[in-house]
Amino acid sequence: MTPSDSHAPARPAPVRVAEIEAGYAVPDTARARAPAGPWRLTVADGTIAAVIGDGGAVTGGVAGGAGSVIGGKRHLALPAFVNAHDHGRAVSTLAFGAGDDALELWLPSLAAAPAIDTYLESAVAFARMARAGIVATNVTFDPRGDDRLIDHARAVARAAAEVGIRLGFCCPLLDRNLHGYGPADRLAALHAPEDWAALGGDAPLPPLDEQIAAVEAVAAAIESPTCRVLFGPIGPIWVSPGGLAAIGDAVRRTGRQAYMHLLETPRQRAWLDREHDGAPLAALDRAGLLGPGSGFAHGVHLRPEEIALLAERGATVSVNTASNLRLRSGLAPAAAFEAAGLAWGVGLDSMSLGDAGDLLAQARLTALLNAGTGLEPTLDFAAALRALTRDGYRVIDADGLGDRGRLTPGAPADIALIDLERLAPDRAGAGGDPWSFLAGRGAAAHVTDLVVDGRAVLRDGVVQGVDLPVLETELAARLTEAAPAIAARRDLARRHRAALHRYYAEDGHLA
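This write-up is about the structure you can find in this document. (Residues numbered from 1 in each chain as written. Predicted model: local features only at pLDDT ≥ 70, side-chain atom pairs only at ≥ 80, totals over all residues. Heavy atoms only, no water.)

Quick notes on the overall build of the protein
Working step 1: Counting its secondary structure elements, the protein contains 17 helices and 17 strands.
Working step 2: Taking 2.2 N^0.38 as the reference for a compact globule, 511 residues should give roughly 24 Å; the C-alpha atoms of the protein span a radius of gyration of 23 Å, in line with that estimate.
Working step 3: Along the longest, intermediate and shortest principal axes, the C-alpha atoms of the protein span 70 × 50 × 45 Å.
Working step 4: For the protein, the proportion of its 511 residues judged to be buried stands at 57%.
Working step 5: Long-range pairs, those at least 24 residues apart, make up 76% of the contacts in the protein between residues at least 6 apart in sequence.
Working step 6: Entry remark: accessible area of the protein is about 19,100 Å², with carbon and sulfur atoms responsible for 54%.
Working step 7: Both charge centroids of the protein, one from 47 positive and one from 60 negative side chains, sit 3 Å from each other. (Helix = DSSP H or I, 4+ residues; strand = E, 2+ residues; numbered from the N terminus. Rg over C-alpha atoms; globule rule 2.2 N^0.38 Å. Buried < 20%, exposed > 50% of the residue type's maximum accessible area, 1.4 Å probe, protein only. Contact = heavy atoms within 4.5 Å. Areas by Shrake-Rupley, 256 points an atom, 1.4 Å probe, with all protein chains shown as cover. Lys, Arg positive; Asp, Glu negative; His and termini not counted. Charge placed at Lys NZ, Arg CZ, Asp CG, Glu CD.)

Laid out in structure tokens, this is it:
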């Protein structure tokens, strides 16, 4: 199977939008209000040209371009959402036997993942994101164990372009610990020889300099105004100190951003503390991997002084609340990030609650879990909404924020519309302001339309660039075909999990 052998029918590109109408709007997601309108936004050349609303105020004044008019008085307009960390999976890990578990015991279960066509899975994943109001996603591409990274990257980029969303593509980089945290010989001793061979345990990883060169080759193949390629070291667990230094050199040489997993679990905290004398962030800093273009996933077990260092360097952390709950990793201290001035975003990590892919609901959950117990919240929904619509975009393009997160002339025309009749049919008794309903109920099911770069990617709940029902039917058929292979690999994955459970349990630091 090639990385993109899906034969789903092509569809016309989403149409241009000239005007967006709404009864309410959130003109700045850093401000906790949704003032009444009516609102009218004109769009030209992919940006907001003029805004009329909030008591009749007019900003801008430039006429919109050619295109359609969408929305209406029953809608709430707000900047669209950024999925700051994902893996682009459309097949639930539950579908191949990888049930929720501690991360280190869940990872070996991925060995049972079916070899589904990359374009097909990416297109389904991205179309579902668009349906949830997601304008951009940062995808850490999982190592596939083959040498077709450019082919896979082209398939992912094609899927994002056809759906119509923005893409950050993180090319995987690693030079150690592919099968667990520690020496390969100790891990191999806990496996049957045939299992270790089937896992590719003794297969050498490509030299890191070749992997770094491959990133630039991928960039030459797929980069565009709506697709950015990033260095994607899997994380300091999986990259040696020398490898981190080499990636840092590449970041300085090319100006390309880097993004990695960091301190997701207590076992990672313990292992990295032993590896780096209790100061893994200092090691990243020496390698040149802390800075305004640096992005990190999770950060669950960051210490206060490390949070302060990341804030000082201008880095960004993606908070992945549902995934961390499902994989027993803990809760990222988003309130501490906020208090320290550390930019943070919200990510699905392809592991949302109930596999619903609901990023807006996850932002609300993150705010609730970090609100504390005092009379004033330590983190509120307004902060989470800013992270969701603006700051998460830093991990894709730290230099391209501009007026993202605001409905103002010159800002990107990346806008979601929410149906107030679905969100708050009972809002009249609360004075009509939908802000509290958005904060208390907002969910993907309330999103009806999504405009990306001035194009209507989602109209009345229907994805425009691809035929999602057709793609989902094809994906289901591929899963049925792969069932025997999944079953065979699942048995291997279970034995691998048992071996790793013993390995970590025997190490007092990692139990």
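The discussion continues.
A few points about the pairing of strand E3 (residues 47–53)
Working step 1: The element E3 is largely enclosed, with a buried count of five among its seven residues.
Working step 2: Bridge count for strand E2 (residues 36–44) against E3 is five bridges, and the pairing is antiparallel. Its bridge partner being in E3, Val43 is matched across the sheet by Ile48.
Working step 3: If you look at the hairpin formed by E2 and E3, you'll find two residues sitting between the two strands, and Asp45 has a positive phi there, around 55°. (Pairing = 2+ DSSP bridges.)

A look at the nonpolar core
Working step 1: Of all hydrophobic cores here, the largest spans 148 residues; its most connected members are Phe126, Phe169 and Leu438.
Working step 2: With sequence-adjacent residues up to four places away left out, Leu438 is seen in contact with Val26, Leu76, Leu78, Leu360, Arg364, Phe381, Leu385, Ile418 and Leu423.
Working step 3: Membership of the second largest hydrophobic core comes to 18 residues, among which are Trp39, Ile48, Val51 and Ala413. (Core = buried A, V, L, I, M, F, W, Y, C linked by side-chain atoms within 4.5 Å.)

Comments concerning the side chain of Asp358
Working step 1: Positionally, Asp358 belongs in the loop between strand E13 (343–346) and helix H13 (359–369).
Working step 2: Of the side chains bearing the opposite charge, Arg364 lies closest to the buried Asp358, which forms no salt bridge; the N-O distance is 6.1 Å.
Working step 3: Here Ala361 takes part through its backbone nitrogen, which lies 3.0 Å from a polar atom of the side chain of Asp358. (Salt bridge = Lys/Arg side-chain N within 4 Å of Asp/Glu carboxyl O. Polar contact = N/O pair within 3.5 Å; in protein donor to acceptor, adjacent residues only side chain to side chain.)

Quick notes on a nonpolar patch on the surface
Working step 1: Taken together, the side chains of Leu325, Leu331, Leu353 and Leu369 present a nonpolar region at the surface, about 320 Å² in accessible area.
Working step 2: Topologically, Leu369 is positioned in helix H13. (Patch = residues over 30% accessible without salt bridge, like charges linked within 9 Å, V, L, I, M, F, W, Y side chains within 5 Å.)

Re the packing of helix H6 (residues 208–222) against helix H7 (residues 241–254)
Working step 1: Where H6 contacts H7, the two axes come as close as 10 Å, and the packing angle between them is 30°. As summarised for this structure, H6 and H7 are arranged roughly parallel, according to the angle between their axes. Note on packing geometry: the crossing formed by H6 with H7 is right-handed. Taken together, the residues of H7 that come into contact with H6 (itself represented by Leu208, Ile212 and Glu216) are Gly243, Ala246, Ile247, Ala250, Arg253 and Thr254.
Working step 2: Considered class by class, the residues forming the contact of H6 with H7 number five nonpolar, two polar and two charged. (Axes fitted to C-alpha atoms, helices over the stretch in contact; angles between N-to-C directions. Parallel < 35°, antiparallel > 145°, perpendicular 65-115°, else oblique. Left-handed = near helix turned anticlockwise from the far one by under 90°. Nonpolar A, V, L, I, M, F, W, Y, C, P; charged D, E, K, R; others polar.)

Some remarks on the packing of aromatic side chains
Working step 1: For the structure on display, the rule yields five aromatic pairs.
Working step 2: Relative to Tyr504, the ring of Tyr503 has its centre 5.3 Å away and its plane inclined at 70°; by these criteria the two rings are edge-to-face.
Working step 3: For Tyr503, a relative accessible area of 2% gives the class buried.
Working step 4: Every member of this aromatic cluster is reached through a ring pair, and the members are Tyr181, Trp238, Tyr503 and Tyr504.
Working step 5: For Arg158, the ring lying beneath its charged end belongs to Tyr119, and the centroid distance is 3.7 Å. (Phe/Tyr/Trp six-rings, centres within 6.5 Å; stacked < 30°, edge-to-face > 60°. Lys NZ or Arg CZ within 6 Å of the ring centre and 35° of its normal.)

Things to note about the pairing of strand E6 (residues 81–86)
Working step 1: Extensive coverage of E6 is indicated by the burial of six of its six residues.
Working step 2: Bridge analysis of E6 against strand E7 (residues 134–140) gives four bridges, and the strand direction is parallel. The residue bridging Phe81 from the neighbouring strand is Ile134, located in E7.

Here we look at the pattern of salt bridges
Working step 1: In this structure the tally under the stated criterion is 38 salt bridges.
Working step 2: In this structure, the salt-bridge partner of Glu312 is Arg313, at a minimum N-O distance of 3.1 Å.
Working step 3: Overlapping salt bridges bring together Glu338, Arg386, Arg390, Asp391 and Arg394 as one network.

With respect to the side chain of Ser318
Working step 1: If you trace the backbone, Ser318 turns up in strand E12 (residues 316–319).
Working step 2: Apart from the residues within four sequence positions on either side, Ser318 is in contact with Ala84, His85, Tyr259, Phe296, Ala297, His298, Gly345, Val346 and Gly347.

Re helix H2 (residues 118–131)
Working step 1: Over its 14 residues, H2 extends 20 Å from the first C-alpha to the last, a length consistent with the 20 Å expected when each residue adds 1.5 Å.
Working step 2: Counting buried positions along H2 yields twelve of 14 residues, so the element is predominantly enclosed.
Working step 3: All of the buried residues in H2 are Thr118, Tyr119, Leu120, Glu121, Ser122, Ala123, Val124, Ala125, Phe126, Ala127, Met129 and Ala130.
Working step 4: Among the residues trailing H2, Gly133 stands out with phi positive, at a value near 85°. (Expected span 1.5 Å × (residues − 1).)

Quick word on unusual backbone geometry
Working step 1: Residue Pro38 follows Gly37 across a cis peptide bond; omega there is 10°.
Working step 2: One non-glycine residue with positive phi stands out, namely Asn177, at about 55°.
Working step 3: Looking at the secondary structure, you find Asn177 in the loop between strand E8 (166–173) and helix H4 (184–189).
Working step 4: A positive phi angle, close to 85°, is found at His298, a residue other than glycine.
Working step 5: Within the secondary structure layout, His298 lies in strand E11 (residues 294–298).

Topic: the environment of Arg326
Working step 1: With respect to the helices and strands, the residue Arg326 is situated in helix H11 (residues 321–326).
Working step 2: Considered as a pair, Arg326 and Gln211 are 115 residues apart in the sequence and their alpha carbons are 31 Å apart.
Working step 3: When near neighbours in sequence (up to four residues on either side) are disregarded, Arg326 contacts Leu94, Asp100, Asp101, Met351, Ser352, Leu353 and Asp355.
Working step 4: Side chain to side chain, Arg326 and Asp100 meet in a polar contact 2.9 Å long.
Working step 5: Side chain to side chain, Arg326 and Asp355 meet in a polar contact 3.0 Å long.

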